[in-house]
Amino acid sequence: MLSYAGRTAAPAAQASPVRVGGFGGVAGLATYLRDERVTHLVDATHPFAAQMSAHAVAAAGHAGVPLIALTRPAWTSVAGDRWTRVADVTGAVAALAGPARRVMLALGRMHVAAFAAQPQHHYLLRFVDEPDTLPPLPHHDLVIERGPFDEDSDRRLMFDHRIDLVVAKNAGGSGASAKIAAARALGLGVVMIDRPAMPPRIEVHDVAAVFDWIAHGVPSGIQRGV
Ligand SMILES: NC(=O)c1ccc[n+]([C@@H]2O[C@H](COP(=O)([O-])OP(=O)(O)OC[C@H]3O[C@@H](n4cnc5c(N)ncnc54)[C@H](OP(=O)(O)O)[C@@H]3O)[C@@H](O)[C@H]2O)c1
């Protein structure tokens, strides 16, 4: 059973059954795990979905269900990167203090409103779905597009919009890394938001290790999250 929060209007079709919507906190998820006789819980949420991940650990504990987290390795800067690392979205907003620039907010729509505190910039936004209400940013362009994206098209997008700074979350892995490579190729600064802390849990980076864990109780390549 795949569980979605329900944030996108038309999620990609899946071969497995899907349920959509919150569980109602830790208690709701623990009840779901018991009622559905779930034997294994795999947390495959985005690394910034900190509340869901914390709930999953707590609910798995209450229901006595083993849990594993499937995560993407975080990005680390390489030669040519011009990153300013910040702890969270508040830190990213603070890092934008100063004269007007042309900023690509590669964050998804959930955190865009916080950037209204720095209204002097021209923002480029990219969302999966058309939003119901306009983002509260006085100067912005909005692109509606579903990833994954490639480096060439992200470089063209940044070039065409005369972007001089990118704000991104350290999602990690390859699916969302095109914008980071594009910023590097164009010599652009990146305000990189570090991942939120997660509770201790077994963590692996590939699907095969999850299947190992389901089959044998022990994943290959296991890492203990901190
Ligand atoms: N945060 C990001 O940057 C980001 C980026 C890309 C994709 N996503 C995906 O978008 C979803 C929501 O992210 P978020 O940051 O809003 O989460 P969040 O802040 O950690 O969770 C907020 C609440 O949303 C519900 N929820 C989250 N993920 C769920 C899931 N897979 N199935 C059922 N309920 C879920 C839970 O509600 P209840 O307490 O009622 O159970 C949870 O308490 C996640 O599945 C995440 O993987 C997030």
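Calculation rules
Residues numbered from 1 in each chain as written. Predicted model: local features only at pLDDT ≥ 70, side-chain atom pairs only at ≥ 80, totals over all residues. Heavy atoms only, no water. Axes fitted to C-alpha atoms, helices over the stretch in contact; angles between N-to-C directions. Helix = DSSP H or I, 4+ residues; strand = E, 2+ residues; numbered from the N terminus. Parallel < 35°, antiparallel > 145°, perpendicular 65-115°, else oblique. Left-handed = near helix turned anticlockwise from the far one by under 90°. Contact = heavy atoms within 4.5 Å. Nonpolar A, V, L, I, M, F, W, Y, C, P; charged D, E, K, R; others polar. Salt bridge = Lys/Arg side-chain N within 4 Å of Asp/Glu carboxyl O. Buried < 20%, exposed > 50% of the residue type's maximum accessible area, 1.4 Å probe, protein only. Near = heavy atom within 4 Å. Polar contact = N/O pair within 3.5 Å; in protein donor to acceptor, adjacent residues only side chain to side chain. Areas by Shrake-Rupley, 256 points an atom, 1.4 Å probe, with all protein chains shown as cover.

Chemist: Give a detailed account of the packing of helix 4 (residues 151-160) against helix 5 (residues 178-186), specifying residues and quantitative values.
Modeler: The interhelical angle for the contact between helix 4 and helix 5, taken along N-to-C directions, is 60°, at an axis separation of 8 Å. Between helix 4 and helix 5, the angle falls in the class oblique. The handedness of the crossing between helix 4 and helix 5 is right-handed. Taken together, the residues of helix 5 that come into contact with helix 4 (itself represented by Glu-151, Asp-154, Arg-155, Met-158 and Phe-159) are Ala-178, Lys-179, Ala-181, Ala-182, Ala-183, Ala-185 and Leu-186. The class makeup of the residues in the contact of helix 4 with helix 5 is eight nonpolar, no polar and four charged.

Chemist: Residues and numbers for the pattern of salt bridges, please.
Modeler: Under the definition given, this model contains eight salt bridges. Salt-bridge contacts for Arg-201 lead to Asp-43; the nearest nitrogen and oxygen are separated by 3.3 Å. Remark: Asp-43 occurs in strand 3 (residues 41-43) and Arg-201 occurs in the loop between strand 10 (189-193) and strand 11 (202-204); sequence separation between them is 158 residues. This pair shows no difference in class: Arg-201 is buried, exactly as Asp-43 is.

Chemist: Which residues make up the packing of helix 1 (residues 25-35) against helix 2 (residues 50-63), and what are the values?
Modeler: The description of two helices packed together rests on the angle between their axes and the distance between the axes. Between helix 1 and helix 2, the least distance of the axes is 8 Å, while the angle of their chain directions is 50°. Taken as axis vectors, helix 1 and helix 2 run oblique relative to one another. Here the hand of the crossing between helix 1 and helix 2 comes out right-handed. Where helix 1 approaches helix 2, its residues Gly-25, Val-26, Leu-29, Ala-30, Leu-33 and Arg-34 are matched on the opposing element by Met-52, His-55, Ala-56, Ala-58, Ala-59, Ala-60, His-62 and Ala-63. Of the residues contributing to the contact of helix 1 with helix 2, the split by class is ten nonpolar, three polar and one charged.

Chemist: Quick rundown of the site of the ligand? Include the residues and the values.
Modeler: In the vicinity of the ligand, 20 residues are found, and the nearest of them are Ser-3, Phe-23, His-46, Met-52 and Lys-169. The side chain of Arg-7 places a nitrogen or oxygen atom 2.8 Å from an oxygen atom of the ligand. Contact between the ligand and His-55: an oxygen atom at 3.5 Å from a side-chain N or O atom of the residue. For the ligand, whose unbound accessible area comes to 800 Å², protein coverage reaches 76%. Ranked by the residues each element gives to the shell around the ligand, the list is headed by helix 2, at four residues. When its residues are assigned to classes, the shell around the ligand shows eight nonpolar, nine polar and three charged.

Function cannot be inferred from these measures alone, as they are strictly geometric.
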